[in-house]
Amino acid sequence: QALLLVTAVDRVMLDYGTPSQSSLGTITSEEAARHLADGQFPPGSMGPKIEAALTFLAAGGELAIVTSPAMLAATLAGQEAAGTRIERMPTKTGPVR
């Protein structure tokens, strides 16, 4: 039910390398897709990880995590200061169970 993408960074970043850089905690698949479309995740960097997460969630997965090995357990547990959690959007027929 979960896809774990373990990488060298603790969290996915928006505006990476700029003064307005910010990290993402828990976001929806819709938000991740929007940021991907906006060019926030380059093809040679975070882009393939986000694409894999979105493909997994679209196929019925419930959660994709992108984080470092050190933050993996905390992110799985849903701790706020941990890595990035991408959650599947609920269907129109009800919430994800």
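Calculation criteria
Residues numbered from 1 in each chain as written. Predicted model: local features only at pLDDT ≥ 70, side-chain atom pairs only at ≥ 80, totals over all residues. Heavy atoms only, no water. Helix = DSSP H or I, 4+ residues; strand = E, 2+ residues; numbered from the N terminus. Rg over C-alpha atoms; globule rule 2.2 N^0.38 Å. Buried < 20%, exposed > 50% of the residue type's maximum accessible area, 1.4 Å probe, protein only. Contact = heavy atoms within 4.5 Å. Areas by Shrake-Rupley, 256 points an atom, 1.4 Å probe, with all protein chains shown as cover. Pairing = 2+ DSSP bridges. Axes fitted to C-alpha atoms, helices over the stretch in contact; angles between N-to-C directions. Core = buried A, V, L, I, M, F, W, Y, C linked by side-chain atoms within 4.5 Å. Arc of directions from axis to C-beta.

Draft legend 1. Expanded view of the overall build of the protein chain. Each helix and strand in the protein chain was counted, giving three helices and six strands. Order of helices (α) and strands (β) in the protein chain, N terminus to C terminus: β-β-β-β-α-α-β-α-β. Over its C-alpha trace the protein chain gives a radius of gyration of 13 Å, about what one expects of a compact globule, namely 13 Å for 97 residues. Buried positions account for 35% of the 97 residues belonging to the protein chain. Counted over contacts in the protein chain with a minimum sequence separation of 6, partners at least 24 positions apart contribute 59%. Looking at the protein chain as shown, the accessible area adds up to about 5700 Å², and 56% of this sits on carbon and sulfur atoms.

Draft legend 2. Molecular detail of the environment of Met46. With respect to the element layout, Met46 can be found in the loop between helix H1 (29-37) and helix H2 (47-58). Spatially, the C-alpha atom of Met46 lies 23 Å from that of Ala77, the residues being 31 residues apart in sequence.

Draft legend 3. Quick look at the sheet that holds strand S1 (residues 2-6). Taking strand neighbours across the sheet as the criterion, the four strands line up as S1-S5-S6-S4 in an open arrangement whose pairing is mixed. Among the strands making up the open sheet, the edge pair consists of S1 and strand S4 (26-28). Adjacent strand axes in the sheet meet at a mean angle of 20° when their direction is disregarded. With four bridges joining them, strand S5 (residues 63-67) and strand S6 (residues 84-87) adopt antiparallel strand pairing.

Draft legend 4. Local environment of unusual backbone geometry. Backbone geometry at Asp15 places phi at a positive 55°, although glycine is not the residue there. Position of Asp15 among the secondary structure elements: in the loop between strand S2 (12-14) and strand S3 (22-24).

Draft legend 5. Summary view of the nonpolar core. Core analysis: the biggest nonpolar cluster contains 15 residues, and Val12, Leu24, Ala32, Phe41, Met46, Ile50 and Ile86 have the highest contact counts within it. Secondary structure elements with two or more residues in this core: S2, H2 and S5. Among the elements that take part in this core, H2 stands out by supplying four residues, more than any other. Those residues in contact with Ile86 that sit more than four places away from it in its chain are Ile27, Thr28, Ser29, Ala32, Ile50, Ala53, Leu57, Glu62, Leu63 and Ala64.

Draft legend 6. Molecular detail of H1. For H1, the complete set of buried residues consists of Ser29, Ala32 and His35. Along the long axis of H1, the arc covered by the buried residues comes to 125°, so they all point the same way. Exposed positions of H1 whose direction lies more than 90 degrees from the buried face are Glu30 and Ala37. Structurally, H1 contributes buried residues whose contacts are with S2, S3, S4, H2 and S6. Two residues or fewer after H1 comes Gly39, characterised by a positive phi angle close to 85°.

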